[in-house]
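# Descriptive structure summary
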Protein chains: 2
Amino acid sequence: MAKPIHIALDVMGGDAGAEMVLPGAELALLRHPDIRFLLYGNERVVLPLLDKYPRLRDASTFFHCDVAVAMDAKPSQALRQGRWRSSMWRAIEAVKTGDADVAVSAGNTGALMAMSKFCLRTMANIERPAIAAIWPTVRGESVVLDVGATIGADAQQLIDFAILGGAMARALFGVQKPTVGLLNIGVEEVKGLEEVRTAGRIMKEVPFRSFSYAGFVEGDDLGKGTVDVVVTEGFAGNIALKTAEGTAKQIGGYLKSAMQRTWMAKLGYLLAKGAFDRLREKMDPRKVNGGVFLGLNGVVIKSHGGTDAEGFASAIALAHGMVRNELIHKIAQDLVHYHRGRYVVPSDNSEGDE
Amino acid sequence: MAKPIHIALDVMGGDAGAEMVLPGAELALLRHPDIRFLLYGNERVVLPLLDKYPRLRDASTFFHCDVAVAMDAKPSQALRQGRWRSSMWRAIEAVKTGDADVAVSAGNTGALMAMSKFCLRTMANIERPAIAAIWPTVRGESVVLDVGATIGADAQQLIDFAILGGAMARALFGVQKPTVGLLNIGVEEVKGLEEVRTAGRIMKEVPFRSFSYAGFVEGDDLGKGTVDVVVTEGFAGNIALKTAEGTAKQIGGYLKSAMQRTWMAKLGYLLAKGAFDRLREKMDPRKVNGGVFLGLNGVVIKSHGGTDAEGFASAIALAHGMVRNELIHKIAQDLVHYHRGRYVVPSDNSEGDE
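As recorded in an unreviewed UniProt entry, chain A goes by Phosphate acyltransferase and comes from Pannonibacter tanglangensis. Checking UniProt for chain A, the heading Pathway (unreviewed entry) contains the comment "Lipid metabolism; phospholipid metabolism." Comment text from UniProt for chain A, heading Sequence similarities (unreviewed entry), reads "Belongs to the PlsX family."

It is worth spelling out the environment of G14(A) at this point. All names here are of chain A. By secondary structure assignment, the location of G14 is in the loop between β1 (5-10) and α1 (18-31). Between the alpha carbons of G14 and D160 there is a distance of 30 Å; along the sequence they are 146 residues apart. Ignoring anything within four residues of it in the chain, the contact list for G14 reads M20, M71, A106, G107 and G305.

In this section: the relation of the copies chain A and chain B. You can overlay chain A on chain B at an RMSD of 0.0 Å; the transform is a turn of 180° with a shift of 0.0 Å along its axis. Both copies of the chain, as the preceding transformation shows, are related through a two-fold rotation axis. Residue G268(A) of chain A places its C-alpha closer to the rotation axis than any other residue of that unit, at 1.8 Å. Of the interface residues in chain A, 98% have counterparts in chain B that sit at the interface too, so the contact is made through matching surfaces.

What follows covers the nonpolar core. Residue and element names in this part refer to chain B. If you look at the biggest cluster of nonpolar residues, it comprises 115 residues, and the most contacted ones within it are I7, L9, L22, F37, L145, I301 and L327. When residues in this core are grouped by element, the largest group, eleven residues, is from helix α7 (residues 155-173). Three or more residues apiece are contributed to this core by two domains, here domain 1 (1-126 + 295-354) and domain 2 (130-288). Filtering out sequence-adjacent residues up to four positions away, L327 remains in contact with A167, M168, A171, V292, L294, V299 and M322.

With that settled, consider the side chain of S105(A). Mapped onto the elements of the fold, S105(A) is located in strand β4 (residues 102-105). In this structure, S105(A) is in contact with D10(A), M88(A), L112(A), I301(A), K302(A), S303(A) and F312(A), ignoring residues within four places of it in sequence.

Residue and element names in this part refer to chain A. Two elements in contact, helix α7 (residues 155-173) and helix α8 (residues 194-205), have axes separated by 8 Å at closest approach and are oriented at 55°. Put simply, α7 runs oblique to α8. In this structure, the crossing between α7 and α8 has a hand that is right-handed. Residues A155, L158, I159 and A162 of α7 form the contact with α8, whose own contacting residues are E195, V196, T198, A199, I202 and M203. The class makeup of the residues in the contact of α7 with α8 is eight nonpolar, one polar and one charged.

Time to look at the pairing of strand β4 (residues 102-105) of chain B. Residues and elements named next belong to chain B. Going residue by residue along β4, you find V102 and V104 tucked away on one face and A103 and S105 tucked away on the opposite face as well. Where strand β1 (residues 5-10) and β4 come together, four bridges link them in parallel fashion. Across the sheet, A8 pairs through a bridge with A103, a residue of β4. Pairing geometry for β4 and strand β11 (residues 299-302), over four bridges, is parallel. Bridge pairing in β11 places V104 opposite I301.

The next subject is the packing of aromatic side chains. All names here are of chain A. What the rule picks out here adds up to 13 aromatic pairs over all chains. Here Y40 and F63 contribute two aromatic rings whose centre-to-centre distance is 4.9 Å and whose plane-to-plane angle is 10°, an arrangement assigned as stacked. Here the residue Y40 occupies a position in strand β2 (residues 35-41), and F63 occupies one in strand β3 (residues 60-64), the gap between them amounting to 23 residues. On the basis of relative accessibility, which here comes to 3%, the residue Y40 falls in the buried class. Its relative accessible area of 25% is what places F63 among the partly exposed residues.

Before going further, it helps to examine a positive patch on the surface. A contiguous patch of positive charge on the surface is contributed by R261(A), R278(B), K282(B) and K287(B). By the element assignment, K287(B) lies in the loop between α12 (273-283) and β10 (291-294).

Here we take up the environment of L241(A). Residue and element names in this part refer to chain A. When you line up the elements, L241 lands in helix α10 (residues 234-258). Exposure remark for L241: the relative accessible area of 19% places this residue in the buried category. Discounting residues that sit within four places of it in the chain, L241 has contacts with A133, W135 and V147.

So, about the side chain of N289(A). Residues and elements named next belong to chain A. Looking at the element boundaries, N289 is found in the loop between α12 (273-283) and β10 (291-294). Residue N289 is classed as buried on the basis of its relative accessible area of 3%. There is a polar contact of 3.0 Å between the side chain of N289 and the side chain of S303. For N289, the side chain forms a polar contact with the main-chain nitrogen of H304, separated by 2.8 Å.

Next up on the list: a nonpolar patch on the surface. Residue and element names in this part refer to chain A. A cluster of nonpolar side chains, W263, M264, L267 and L270, forms an exposed patch at the surface whose accessible area comes to about 440 Å². In this structure, L267 sits in helix α11 (residues 263-271). By relative accessible area, which is 36% here, L267 ends up partly exposed.

The final tally for this structure, using the stated rule, is two cavities of 30 Å³ or more. In this structure, the largest cavity encloses a volume near 60 Å³. Every residue along the wall of the largest cavity is listed here: A153(A), L158(A), L182(A), L183(A), L193(A), E195(A), V196(A), V231(A), T232(A), E233(A) and F235(B). For the lining of the largest cavity, the secondary structure elements donating two or more residues are β7 (179-183) and α8 of chain A. By residue class, the composition of the lining of the largest cavity is eight nonpolar, one polar and two charged. Roughly 50 Å³ of volume is contained in the second largest cavity. Lining the second largest cavity are A153(B), L158(B), L183(B), L193(B), E195(B), V196(B), V231(B), T232(B) and E233(B). Per-class residue counts for the lining of the second largest cavity are six nonpolar, one polar and two charged.

Let us look at the interface of chain A and chain B. Tallying the contact residues gives 62 residues for chain A and 61 residues for chain B. Across the chain A to chain B interface the summed buried area is about 5,400 Å²; carbon plus sulfur atoms make up 74%. For the pair chain A and chain B, the number of links is two salt bridges. K242(A) is paired through a salt bridge with E218(B); the nearest N and O atoms lie 2.3 Å apart.

All names here are of chain A. Helix length check: α1 (14 residues) gives 20 Å between terminal C-alpha atoms against 20 Å at 1.5 Å per residue, within 8%. With respect to burial, α1 is a largely interior element, ten of its 14 residues being buried. Here the buried face of α1 lies against β1, β2, α2 (43-50), α3 (54-58) and α13 (309-324).

What follows is about the sheet that holds strand β5 (residues 130-137) of chain B. All names here are of chain B. With mixed pairing, the eleven strands of this open sheet are ordered in space as β3-β2-β1-β4-β11-β10-β5-β6-β9-β7-β8. Looking at the sheet topology across the chains shown, the edges are occupied by β3 (60-64) and β8 (212-217). Shown here is a sheet whose adjacent strand axes are inclined to one another by a mean of 25°, direction ignored. Of the strand pairs in this sheet, strand β2 (residues 35-41) and β3 are connected by five bridges, and their pairing is parallel. Its bridge partner lying in β3, F37 is registered against S60. Taken strand by strand, helix α2 (residues 43-50) contacts β2 and β3, and its axis lies near 155° from that of β3.

So, how was this worked out
- Residues numbered from 1 in each chain as written.
- Chains lettered and ligands numbered in written order.
- Predicted model: local features only at pLDDT ≥ 70, side-chain atom pairs only at ≥ 80, totals over all residues.
- Heavy atoms only, no water.
- UniProt positions renumbered as here; feature names shortened; annotations may be inferred.
- Helix = DSSP H or I, 4+ residues; strand = E, 2+ residues; numbered from the N terminus.
- Contact = heavy atoms within 4.5 Å.
- Least-squares fit on C-alpha atoms with pLDDT ≥ 70 in both.
- Core = buried A, V, L, I, M, F, W, Y, C linked by side-chain atoms within 4.5 Å.
- Buried < 20%, exposed > 50% of the residue type's maximum accessible area, 1.4 Å probe, protein only.
- Domains from an automatic or database assignment.
- Axes fitted to C-alpha atoms, helices over the stretch in contact; angles between N-to-C directions.
- Parallel < 35°, antiparallel > 145°, perpendicular 65-115°, else oblique.
- Left-handed = near helix turned anticlockwise from the far one by under 90°.
- Nonpolar A, V, L, I, M, F, W, Y, C, P; charged D, E, K, R; others polar.
- Pairing = 2+ DSSP bridges.
- Phe/Tyr/Trp six-rings, centres within 6.5 Å; stacked < 30°, edge-to-face > 60°.
- Patch = residues over 30% accessible without salt bridge, like charges linked within 9 Å, V, L, I, M, F, W, Y side chains within 5 Å.
- Areas by Shrake-Rupley, 256 points an atom, 1.4 Å probe, with all protein chains shown as cover.
- Salt bridge = Lys/Arg side-chain N within 4 Å of Asp/Glu carboxyl O.
- Lys, Arg positive; Asp, Glu negative; His and termini not counted.
- Charge placed at Lys NZ, Arg CZ, Asp CG, Glu CD.
- Polar contact = N/O pair within 3.5 Å; in protein donor to acceptor, adjacent residues only side chain to side chain.
- 1 Å grid on protein atoms, 1.4 Å probe; cavity = no way out; pocket = protein on both sides within 12 Å on 5 of 7 lines; lining within 4 Å.
- Points joined across faces, edges and corners; volume = space filled by probe spheres on them.
- Buried area = accessible area lost by both parts, 1.4 Å probe.
- Expected span 1.5 Å × (residues − 1).

Written out as structure tokens, the structure is:
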């Protein structure tokens with residue numbers, strides 16, 4: 001068996017907390033028996049529940065924490081009250097100390113990002129971290145970032161996102177050189193933000209080893225899967241993500257009510273139930289649960305707060321894959337290569353490659 | 001019969017040009033016999049075709065134009081080559097002279113906006129025009145603006161968009177005081193762009209007569225129809241619009257292939273065909289075809305370039321409704337009220353209302 005992968009879990013995070021996290025971890029363990037868990041939470045809550053999952057208990061080490069970060073706590077408040085002692089902090093800290101390879105939490109996004117930045121710090125040459133989402137497309141899946149870590153991004157930050165997202169796509173999809181597109185708007189007159197244009201110009205000129213730059217993409221390219229990685233700043237990225245989720249829900253609702261309107265439709269629905277089940281599975285947001293915090297000295301995965309055990313198991317599986325495929329190592333390599341390449345004297349083409 | 005409504009058509013605009021515009025106009029005329037058309041296009045192309053639609057011919061006046069703006073022309077190029085003489089320019093100019101009440105074109109968006117701004121100019125106290133889209137929601141329809149006229153918007157421009165969109169919602173939905181939300185992102189830590197926050201603060205304080213401010217909304221509120229009008233700057237708005245269109249297409253594709261996979265699914269599909277047809281109709285992008293240029297001294301409607309006659313008829317119907325319901329008059333009134341209100345001495349509450 002391969003070397004075990006140590007995953008730190010904030011057991012108190014999420015709308016349902018331990019009641020959702022523990023069965024989720026049990027499910028993930030069944031699928032990936034090489035996981036060892038570090039569980040952080042309140043002993044009064046966690047230990048009685050853990051007894052129900054003997055397999056999980058055997059694969060875990062439990063650490064008691066007095067504090068749980070509230071789902072609606074402000075990041076500054078969470079940092080003040082929960083640093084050093086909350087289950088969220090300690091799960092992240094385990095990544096810093098090397099006790100864990102990755103941390104997963106379904107807690108408050110703002111607090112998780114603030115603590116992750118404070119504890120793990122950004123990687124050398126990366127100014128700001130990003131949250132990357134996995135986007136289901138007609139061709140499979142793409143990586144989209146930033147979906148809301150910070151608002152706005154200058155050209156250099158967009159290029160950093162391209163490097164981070166490119167490494168994640170390599171770790172996730174097993175492709176050698178993923179394609180990267182910059183999200184832009186297509187109206188001729190405006191041709192997009194200055195920063196996006198500048199980033200595009202630079203990416204066209206610089207030969208990146210780790211991805212190939214495919215130019216601008218538009219909102220409708222997200223679902224088409226035109227590129228493996230879509231890069232944007234966090235405001236537009238977050239709005240795109242939530243708009244797509246909202247549209248999928250809206251159409252699901254239309255479909256449901258259409259199928260209940262007449263007895264013919266109801267009968268048709270029964271006959272085609274297998275097909276509808278496949279469709280539902282395809283549209284199931286739990287399957288792509290997990291925002292990956294990129295650009296920090298360690299990987300932290302944010303699960304949806306309202307997910308169930310199945311969804312949380314997906315977030316753990318994602319964490320598992322990111323470690324197995326050496327995400328951080330890939331990012332570090334790409335950054336070294338890019339930054340070394342940048343300082344090479346332009347006339348000397350033989351340098352800067354390994 | 002009510003006073004006829006005069007609609008200027010750029011017959012050369014759109015991927016299929018006159019072949020799509022003329023049958024579209026014929027359809028619209030059947031539904032709204034009070035329309036009189038002003039047709040602008042090349043006589044060699046338009047006149048032979050027009051003979052096929054005698055009813056349309058009788059309700060139209062034709063004007064020959066030498067120049068047709070290319071679908072891929074740059075706005076500056078279109079302005080240079082097509083001013084005064086292109087079918088697009090002359091349709092817009094007819095609104096300026098008062099010969100037409102509104103202009104409709106399926107031509108190049110950038111060129112249409114550049115010419116509309118140049119010819120009609122922005123209304124007093126409005127710095128920049130916006131493009132408003134009609135967004136299908138689970139509750140009905142909403143107005144979303146700006147979906148790509150310009151990138152970025154300061155707080156004052158966002159407030160202008162709220163006034164413009166509020167007036168359009170009143171004209172479109174017949175509500176007295178539509179609700180307006182500001183598109184923002186919900187991650188606690190960041191709480192959205194400074195401009196969005198400032199606009200929100202001002203809209204909370206100023207009592208608007210023409211709409212009620214409902215606070216921030218997120219991407220998934222678009223499909224829910226949480227508010228009647230969603231205000232955002234053009235970059236995020238365009239990306240949201242195209243992302244939603246792409247997602248709808250993606251799910252439609254999933255559904256289609258799911259229903260073809262097994263004979264049971266195929267049979268189920270046949271039985272539920274009525275329901276599927278309703279769903280398709282509900283998701284039909286042709287039904288909400290038409291971006292409304294707001295903030296100019298006159299209304300111009302942009303139809304999708306790739307639409308068919310049915311879609312173009314929808315754009316004409318939208319134009320018809322905007323004139324019938326006195327959109328420009330409503331906007332002008334609201335602007336006067338808002339700007340008068342702004343200069344009232346705060347202690348004197350009896351002034352500034354009509």
